[in-house]
Amino acid sequence: MALPACAARALGPPLQPEREAPARTTCPRRHSRVEAKLAASRPGSVAASVRAGPPRGVSRGFNSQPLLDEPLKASSSLAGAARAPLFALLARGRRRRMHDLRRRWDLGSLCRALLTRGLAALGHSLKHVLGAIFSKIFGPLASVGNMDEKSNKLLLALVMLFLFAVIVLQYVCPGTECQLLRLQAFSSPMPDPYRSEDESSARFVPRYNFSRGDLLRKVDFDIKGDDLIVFLHIQKTGGTTFGRHLVRNIQLEQPCECRVGQKKCTCHRPGKRETWLFSRFSTGWSCGLHADWTELTSCVPAVVDSKRDSRLRPSRNFHYITILRDPVSRYLSEWRHVQRGATWKASLHVCDGRPPTSEELPSCYTGDDWSGCPLKEFMDCPYNLANNRQVRMLSDLTLVGCYNLSVMPEKQRNKVLLESAKSNLKHMAFFGLTEFQRKTQYLFEKTFNMNFISPFTQYNTTRASSVEINEEIQKRIEGLNFLDMELYSYAKDLFLQRYQFMRQKEHQEARRKRQEQRKFLKGRFLQTHFQSQSQGQSQNPSQNPSQTPNLNASQNVTQNLIPNLIQNLTQSSGQNPSPKENWESQKQSPGQEQSDGNTSNGTHDYIGSVEKWR
């Protein structure tokens, strides 16, 4: 039978059929299937070997020649002569696509086979390893009694869970830093959170002599009464963070109400519609933007009691607080803030009832702001209020004629301002340092008897720390802020001495309470012991008369010992007439302040240690 016309034109003269081969049909697809079956039935033929395929798990064609060479190999055999013309009927693009598909299928099957065998080998090895581990661990137990299948599965599940947890932990925290933290959590005790916040030694050598009244700052703040806390916020000292702590992070009977999207919070006294805090986040800038000491002392009483008659105004206690910062860091931080467009034009600078004139306080820039100014231009302005800002805002400007520089010589003016700032800072109810956040929290809690909810965080990386300056610029900034440098040194010394004094006083109180409790428990034990002995003797009157003198002697010792113990306990407590009342008073008021005698002893010990350090 003749081939189709299309095949005849493409191949030319047809090939003669092989011996014992069936005649060709008009359908090429059917003819190829018949010839393929006939070639596969002959033993030793190429088609038979191709049909048999490679061994299981090994892909065919990965190491073989390309598919286009197979018709040439098959043409040398009996079946190849018949398959070559049929394969040539396909177009060149279709043959290439078939070749690529076949090769991709061969690579995928090989990868799957290798992956399957690799996982099987890994599972087999893991099985042997776990079996060896279980045999080592549970070998002695197996001699006592064989474990059932459920217990084995349970132990295997626990081991696998532990291994999975270790892998996840290493993925989450792969470094050695977390491992050291975990080891410290299990081995070492909790470190002191107040020690070496600034990476310096915890103990220091004091430079100034302060009295007991300067070191012991304990304010009897009555939040339910009329007392008021006034926060003096100096620019770029961390006052915004501390102000948020006062309204959001403090434990109160009636917490401040802070609404989402609003900066100001409502901080009312318990049972009253009156505020106990005068700050940016409670009352706003009621006395002007970043009002200083001179403005606040004259403005706050009038603002708080403005709606009341002067004769009906209560006698309030205004407790002023503030935060200071290292002058160089604060200066660089203010420069960066001014670069971003800050001006503080809304500041009033009211002194002696009037704001300063433009001649008394000229401006350093002509436009709307000073954004983008370089550091050299910022330092070259002689009227820049960033210079010695902390001394100016903490001193009483009425002593030097406010902003009029012609009242007294510059040297005398600087001396008066510095002494005024030191005096106001020392007599403030509280002040903190930005570089000692945890110590600031501790002293505030001890001063006002108010506790914060969460601890303060020490941020060692700020915008000022990112500014790289050389030693020359460092010295120039210190020269421009020489008054602030002197004030900060004074404030840091006073701050750390107050902290050490309060910690030492706290340790002494805790030691005294432990000693009193130990004495009281010892006296109670002796009292109950002798009472039980006396009751036992009274219940057994028929005893040896020769033992009566010894019993009487022991009763006399008991009667003499118990009053002595009670007398010692009453003398040690100083206030409680009996050990029982002493124990009850300690339970009722554990945080009550100790007596003046004990406090004075602790003060003399601390001041004596200060003298030794000096």
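Report follows, based on the coordinates. (Residues numbered from 1 in each chain as written. Predicted model: local features only at pLDDT ≥ 70, side-chain atom pairs only at ≥ 80, totals over all residues. Heavy atoms only, no water.)

1. Quick word on the overall build of the protein chain
For clarity, the cut-off: Runs of H or I in DSSP of at least four residues are treated as helices and runs of E of at least two as strands, each being numbered from the N terminus. Summary of the burial criterion: residues with accessible area below 20% of their type's maximum are buried, those above 50% are exposed, and those between are partly exposed, where the area comes from a 1.4 Å probe applied to protein chains only. Contact criterion: two residues are considered in contact whenever any of their non-hydrogen atoms come within 4.5 Å of each other. Calculation of accessible area relied on Shrake-Rupley with a 1.4 Å probe; when residues are assessed, cover is drawn exclusively from the protein chains displayed.
Each helix and strand counted, the protein chain has 22 helices and 6 strands in total. The proportion of buried residues among the 614 residues of the protein chain is 35%. Intrachain contacts of the protein chain at a sequence separation of at least 6 include 72% that bridge at least 24 residues. Split by element, the accessible area of the protein chain, about 38,500 Å² in all, is 55% carbon and sulfur.

2. A word on the packing of aromatic side chains
Counted only if it meets this: Pairs were defined over the aromatic rings of Phe, Tyr and Trp, the Trp ring being its six-membered one, requiring ring centres within 6.5 Å. Orientation was assigned from the angle between planes: stacked under 30 degrees, edge-to-face over 60, tilted for the rest. The rule for a charge over a ring is simple: NZ of Lys or CZ of Arg within 6 Å of the ring centre, and within 35 degrees of the ring normal.
Considering all chains together, one arrives at 20 aromatic pairs under this definition. Here Phe436 and Phe495 contribute two aromatic rings whose centre-to-centre distance is 5.9 Å and whose plane-to-plane angle is 35 degrees, an arrangement assigned as tilted. In this pair, Phe436 sits in the loop between strand S6 (430-433) and helix H17 (437-448) while Phe495 sits in helix H19 (residues 482-539), placing the two residues 59 residues apart along the sequence. A single burial state applies to Phe436 and to Phe495, both of which are buried. What links up through ring pairs into an aromatic cluster is the set Phe221, Phe231, Phe242, Trp276, Phe430, Phe444, Phe448, Phe452 and Phe456. The ring of Tyr499 carries Lys439 above its face, with NZ or CZ at 5.3 Å from the centroid. Just above the ring of Tyr442 sits the side chain of Arg503; from NZ or CZ to the centre is 5.5 Å.

3. Brief notes about the packing of helix H13 (residues 327-339) against helix H18 (residues 471-480)
Put simply, the test is: To obtain each axis, a line is fitted to C-alpha atoms, and for helices this fit is confined to the stretch in contact; angles are then taken between N-to-C directions over 0 to 180 degrees. Oblique is the label for any angle not under 35 degrees, not over 145, and not in the 65 to 115 range, which are roughly parallel, roughly antiparallel and roughly perpendicular in turn.
Two numbers describe how H13 lies on H18: the axes approach to 10 Å, and their chain directions differ by 95 degrees. In terms of orientation, H13 and H18 fall into the roughly perpendicular class. Where H13 approaches H18, its residues Val328, Tyr331 and Leu332 are matched on the opposing element by Gln474, Ile477, Glu478 and Leu480.

4. Some details on the state of the cysteines
Definition in use: Working definition: a disulfide is two cysteine sulfur atoms within 2.5 Å of each other.
Summed over the entire model, instances satisfying the criterion amount to 5 disulfides. Residue pairing for Cys256: its cysteine sulfur links by disulfide to Cys267, the two sulfurs lying 2.1 Å apart. Of note, the bridge from Cys256 to Cys267 carries an S-S torsion of about 115 degrees and is right-handed in sense. Highlighted residues: Cys256 in the loop between helix H11 (239-248) and strand S2 (257-258) and Cys267 in the loop between strand S3 (265-266) and strand S4 (277-278), separated in sequence by 11 residues. Taken as a pair, Cys256 and Cys267 share a single burial class, namely buried. Through a disulfide, Cys258 is tied to Cys265; the S-S separation comes to 2.1 Å. An S-S torsion of about 115 degrees defines the bridge between Cys258 and Cys265 as right-handed.

5. Considerations on the side chain of Glu435
The line we're drawing: Charged residues are defined narrowly, with Lys and Arg counted positive, Asp and Glu counted negative, and His plus the chain ends left uncounted. Here, a salt bridge means any Lys or Arg side-chain nitrogen found within 4 Å of an Asp or Glu carboxyl oxygen. Two N or O atoms count as a polar contact when they lie within 3.5 Å, although within protein this holds only if one can serve as hydrogen donor and the other as acceptor, and sequence-adjacent residues are included solely when both atoms are side-chain atoms.
As for its position among the elements, Glu435 is in the loop between S6 and H17. The buried charged residue Glu435 lacks any salt bridge, with Arg325 as its nearest oppositely charged partner at 4.5 Å. A polar side-chain atom of Glu435 sits 3.2 Å from the main-chain amide nitrogen of Asp326.

6. A few points about the sheet that holds S4
Keep this limit in mind: Two strands make a pair as long as DSSP finds a minimum of two bridges between them.
Ordered in space as S4-S1-S5-S6, the 4 strands form an open sheet in which the pairing is parallel. In the strand order of this sheet, the two ends are held by S4 and S6, each with one partner. Of the strand pairs in this sheet, strand S1 (residues 228-232) and S4 are connected by 2 bridges, and their pairing is parallel. Among the inter-strand pairings, Ile229 is bridged to a residue of S4, identified as Leu277. H17 rests against S1, strand S5 (318-324) and S6 of the sheet, and its axis sits at about 170 degrees to S6.

7. A closer look at the pattern of salt bridges
A complete count under the given rule lists 14 salt bridges for this structure. Its salt-bridge partner being Glu274, residue Arg316 comes within 2.6 Å of it at the nearest N-O pair. On the criterion of sequence distance, the pair formed by Arg316 in the loop between helix H12 (293-304) and S5 and Glu274 in the loop between S3 and S4 is long-range, its members being 42 residues apart. Glu274 matches Arg316 in its accessibility class, with the two residues each being buried. Across the pair Glu509 and Lys505 runs a salt bridge, and its minimum N-O distance is 2.8 Å. With a gap of 4 residues between them, Glu509 and Lys505 both fall in helix H19, about one helical turn apart.

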